[in-house]
Each structure stands twice: as C-alpha cells, then as structure tokens.
Amino acid sequence: MTVEFNWFLPTSGDGRHLTDNTSIAGVRDHARREPTPDYLVQITRAAEAVGFHAALIPTGAACEDGWLTAAALAQETQRLKFLVAFRPGLELPAYAAQKVATLQEFTAGRVLLNVVTGGDQDQQEAYGDFLDHDTRYARTAEFLNVAHRAWRGPGQHYDGQYFRLENGGLREPLNVTPAVYFGGASAAAEQVAAQHADVYLLWGETPEMVRERLARMQALAKAHGRSLRYGIRLHIIARPTDGEAWAEADRLWRALTPQTIERARTALSASQSVGQARMLGLNAGKIVQQVRDLEIAASLWAGVGLVRGGAGTALVGSYQQVADRLSEYRDLGIDTFILSGYPNLEEAWRVGENVIGRVH
C-alpha cells in the first residue's frame, strides 16, 4: 500500500500555541503569525522540500479563500499538490467545475478537492446558506454529480432537486479529474462518501474507533459497487525523545487558561457536526491534573481538542514512536495522512525530515 503524506496550510493564522490558528472567537491568548503570502509560501516550499504529497488549504470564515490561495502558491512550487477545501453550497457546481479545470491547467494537474459540507449552522447562515444538516449533504451529492458531468465535456444535462444543468459542461473533457477527499461522521455524510468520495477522511480517533468506522464505510461503499481509500487528520508533536515530546505537549497545555477552554467548549458544543461531537467526547468529563491525563490511546493526546475545532488529537512521542503509531493506522487501512504542528513551518521540516521516512 502506497502511503500518502500531506501537510496543512494555516490560512487563518499560525503560531507556537494551541490557540494561534483556531477560528473560535475569543480564545486567542497569544501573539500569532498572520497568514501572509510570504509565510504561506515558506510553509509550502518546506512541505515540498521534505517530500509531502500535498498541502491542505482549509475553508471557513476565518480562513483566506482556498481557491485563490492555491492559485497563488502553485506559482511558488513545482511538485506539491494542493488539497483545496471548499463548501459546495456556496456556488454553482458547473462554475466550480470550471474553476477546477482552470486550476488544473495552470498547475499541471496539481489540484485535489476536499469537500466540506459544513457543520456549523451559524457559519453557514452567515454565508447565506440556510439548509439544515442532512439537507446540505443531499445537496452535496447533487453538487458532485453535476461537477463530474461538467468535467466530461459539453452537452451535459441534469435535473435534480437542488441543481439543474441544460446543455452544460466544459468545452473539452477535463484531462486530470481531481480526487475527492470527503469527511463526515454522520449517517448522511457516510452515505454521500460511499457514493462519491475517492478518499474518506477521519479526524484522529483511537485505533479501535477507526477500525469500527472503516469496517462500516467499506460495507457502505461495497453496497454501491465501489471501494474507497481512507485518510486521517492528525497533529504531530514529535521530538528526539519521548520525554521531550511530552514536555512540549505540556507547554502547549499549560498555556491554556480555564476560561479559554470553557469558551472554546461552549462554542464547539453548538456545532451540528457529528465528527465534532466525537472529538469533544474524547476529552469530555476528564479530570486533568497533568498533561498525560488526556492520553486516550498510546501516544494519542486529546489536548488539542480542548480549544480547537475539527481535528483535536495529536500523536506525541519520539520520532520513532510517532512513526510506529502512523504505521499502526496504516495497518488498519489508512493510506493518507494529513498532518500539522505548532507552528506549521518549523514542524513541516521536523516531521518531514525525522518522521515520515520511518513509517513502514
């Protein structure tokens, strides 16, 4: 099994603390690095230099626009691909298909797509999207249907509940159709992924939780005559020794105030995302007196999720220990890893040079 390693671009900000790149209002306690073009270029060049396959460009109200970011950074790199996260309810699928075709042309086929249906009702409504959770996933399925039709070339027709296409499509078929990376832990999300995703993404849960979810997704995909690849999103805190790594995790944890944690938990608990609820459940109700009280499996630390939405766990340990944990996920069926650190520039070099080459 070929293993794919990807890195993260902090287009909402970055820094040396857990609150530096969160999008949650009111929880930033420290100075941070702004997502300037120069800084994002440094990270992409570092990721390319150490051999990462692609860089994830996130989406959200606090992030810079992913499409424009990919277009700019592609001019500063040669091999690195760009996994562009976007919300399918915010534009017409045929128009999005045209943008993807242009980016594929200008980047020599280096575009990948991370479809984010959206789990926060207030953020969706702030964009002007008022559909509820399950309806958004039904619309996402149609969106992907239309986009794939448009990529086939002219003369395409589609008549659905949310979108229509009359004699549409690109002027010529798209030479390199981008892989679709798709996450979501709800039943609605799993059904869409089983039918339309190329890579199904999970946030960093315990190996037992991952094993159960992969078995369910494999059965769902098989029912539709398909097979999927599987990926996982994790933060990395790796150092030459286990003690040094946990000392860094301890530094990150001790910088959080109880007030910051409470504000973040209140905001995250309002999310409609089932995946977010699962992340919150990893550290809910725990009495935390020392950093390793949040170690929920070997080397898997749930401290990031105290204040960060989305991926809330980190692998903590020596370079070899972290590589071993990644290898264990690989053995479960994960072949795609999307990794990040605090801060993402220095940690891209560290993880790329010291960890990914040890994964077997």
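Residues numbered from 1 in each chain as written. Predicted model: local features only at pLDDT ≥ 70, side-chain atom pairs only at ≥ 80, totals over all residues. Heavy atoms only, no water.

## Digging into the overall build of the protein
- When helices and strands are tallied, the protein shows 12 helices and 13 strands.
- Whereas a compact globule of 360 residues would reach a radius of gyration of roughly 21 Å, the protein reaches 20 Å, a difference of no more than 12%.
- Judged by the C-alpha coordinates and their principal axes, the protein covers about 60 × 40 × 40 Å.
- Taken across its 360 residues, the protein has 57% of its residues classed as buried.
- A fraction of 72% describes how many contacts in the protein between residues 6 or more apart in sequence connect residues 24 or more apart.
- Carbon and sulfur atoms make up 49% of the accessible area of the protein, which totals about 14,900 Å².
- For the protein, the centre of its 36 positive side-chain charges and the centre of its 41 negative side-chain charges are spaced 2 Å apart. (Helix = DSSP H or I, 4+ residues; strand = E, 2+ residues; numbered from the N terminus. Rg over C-alpha atoms; globule rule 2.2 N^0.38 Å. Buried < 20%, exposed > 50% of the residue type's maximum accessible area, 1.4 Å probe, protein only. Contact = heavy atoms within 4.5 Å. Areas by Shrake-Rupley, 256 points an atom, 1.4 Å probe, with all protein chains shown as cover. Lys, Arg positive; Asp, Glu negative; His and termini not counted. Charge placed at Lys NZ, Arg CZ, Asp CG, Glu CD.)

## Concerning unusual backbone geometry
- Geometrically, the link from Tyr342 to Pro343 is a cis peptide bond, its omega value of -5 degrees lying close to zero.
- Mapped onto the elements of the fold, Pro343 is located in the loop between strand S13 (336–340) and helix H12 (344–354).
- One non-glycine residue, Asn167, lies in the positive phi region at around 55 degrees.
- With respect to the helices and strands, Asn167 occurs in strand S6 (residues 164–168).
- One non-glycine residue with positive phi stands out, namely Ser299, at about 70 degrees.
- By the secondary structure assignment, Ser299 is in the loop between strand S10 (295–297) and strand S11 (300–301).
- Accessibility expressed as a relative area gives 8% for Ser299, which makes it buried.

## Looking at helix H5 (residues 133–151)
- Its 19 residues place the ends of H5 27 Å apart at the C-alpha level, agreeing with the 27 Å of an ideal helix rising 1.5 Å per residue.
- Positioned one or two residues after H5, Gly153 has a phi angle of 115 degrees, which is positive. (Expected span 1.5 Å × (residues − 1).)

## Overview of the packing of aromatic side chains
- Considering all chains together, one arrives at 7 aromatic pairs under this definition.
- When the centroid spacing of 6.1 Å and the interplanar angle of 75 degrees are considered together, the rings of Phe143 and Phe163 count as edge-to-face. Remark: Phe163 occurs in the loop between strand S5 (156–159) and S6 and Phe143 occurs in helix H5; sequence separation between them is 20 residues. As far as burial versus exposure is concerned, Phe143 and Phe163 are alike and both buried.
- Plain terms: the ring middles of Tyr200 and Tyr230 are 6.5 Å apart, the flat faces sit at 85 degrees to each other, and that makes the pair edge-to-face. Highlighted residues: Tyr200 in strand S8 (residues 199–203) and Tyr230 in strand S9 (residues 229–239), separated in sequence by 30 residues.
- Pairwise contacts between aromatic rings join Trp67, Phe86, Phe143 and Phe163 into one cluster.
- A cation over an aromatic ring shows up here: Arg233 above the ring of Phe8, its NZ or CZ 4.6 Å from the ring centre.
- Here Arg308 stacks its cationic end above the ring of Phe8, 5.7 Å away from the centre of that ring. (Phe/Tyr/Trp six-rings, centres within 6.5 Å; stacked < 30°, edge-to-face > 60°. Lys NZ or Arg CZ within 6 Å of the ring centre and 35° of its normal.)

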